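Chain residues, written in single-letter form:
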Amino acid sequence: MELQDVQANTNDAEGAEQSELVQYLTFMMADEEYGIEILSVQEIRGWEPMTVIPNSPVFVKGVINLRGTVVPVIDLRLRFELPQVDYSDLTVVVIVKVQIDEAEKIMGIVVDAVSDVYNLDKDAATRAPDVAETSNKPFIDGLINVSDKMVVLLDLNKILDI
C-alpha cells in the first residue's frame, strides 16, 4: 500500500480526525534515541569550549557567543542524571528557541550525536509509563515507535526552565 493510499483511507473514514504530522530532530544519548520538535531548533554546532559560569548547576556547561548573543548551554546527559562521558567528534550542541514564562529563550543542549529527522503523528505518541517516580518524568512528552525502535519525545520548555 502506498502512502497516498493510507492517507486516502484515513481521509475517507467516517468521523476520522485529521492527524497532524510534526517533524522531530532525533539525537542519541546513552544508546537511547530522543526527539525534539524541529521548529524549536535554530542550528546544530560542533562541540567547542565555552565560558564557565561560577555557581551554576552542574548540568550548565557555560555560555557561548552566538553572533553577539550570549547563549547558555546545558549538558542534557547531566540534566537527566545520566553518566557523564567525554565529548567526541560526534558531540554536538543543538541551539534551540523555547517559550518559557512569556519570554523567548535561546539555549544550547549538548547531546552525544544527532540521529535523524522524522515526520511523526504526535497523536500516536503514548504517555511514559508510571513505573517509578523520577525527577526526569516531567521532561518526557511521550514515547513513539519508529520502525523497530522507541523514540522518547522531550518537552524542551520543562527541560530548559532552570
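Scroll up for the structure.
Small disclaimer: the values here were computed from a predicted structure and weren't measured. Each chain has its residues counted from 1, following the order in which its sequence is written. In keeping with the model being predicted, local features are shown solely for residues with a pLDDT of at least 70 and side-chain atom pairs are shown and tallied solely at 80 or more, while totals for entire chains, interfaces and linings include all residues. Calculated side-chain values reflect all of the structure's heavy atoms, with hydrogen atoms and water omitted.

Draft legend 1. Region of interest: the side chain of Glu33. A run of H or I in DSSP counts as a helix once it spans at least four residues, and a run of E counts as a strand once it spans at least two, with each numbered from the N terminus. Note that Glu33 resides in strand β2 (residues 32-37). Residues adjacent in sequence count toward polar contacts only when both atoms are side-chain atoms; beyond that, a polar contact is any pair of N or O atoms within 3.5 Å, and within protein one must be able to donate a hydrogen and the other to accept it. A polar side-chain atom of Glu33 sits 2.9 Å from a polar atom in the side chain of Ser115.

Draft legend 2. Inspection of the sheet that holds strand β1 (residues 21-29) at higher detail. Here the rule is simple: two strands pair whenever DSSP picks up at least two bridges between them. The mixed open sheet is built from 5 strands, whose spatial order is β8-β1-β2-β10-β9. On the outer flanks of this sheet lie β8 (113-121) and β9 (140-146), each paired with one strand and no other. Averaged over all pairs of adjacent strands, the angle between strand axes in this sheet comes to 35 degrees, irrespective of strand direction. The pairing of β2 with strand β10 (residues 149-154) spans 3 bridges and is parallel. Following the sheet pairing, Glu33 is matched in β10 by Val151. Every axis corresponds to a line fitted to the C-alpha atoms, with the helix fit spanning only the stretch in contact, and the corresponding angles, defined between N-to-C directions, vary from 0 to 180 degrees.

Draft legend 3. Just the sheet that holds strand β4 (residues 60-66), in detail. The strand order across the open sheet built from 5 strands is β3-β6-β7-β5-β4, with neighbouring strands paired in mixed fashion. Both edges of this open sheet fall to β3 (41-46) and β4, since each of them pairs with a single strand only. Neighbour to neighbour, the strand axes of the sheet diverge by 30 degrees on average, direction disregarded. Bridge analysis of β3 against strand β6 (residues 92-100) gives 5 bridges, and the strand direction is antiparallel. Within β6, the position partnered with Gly46 by the bridge is Val92.

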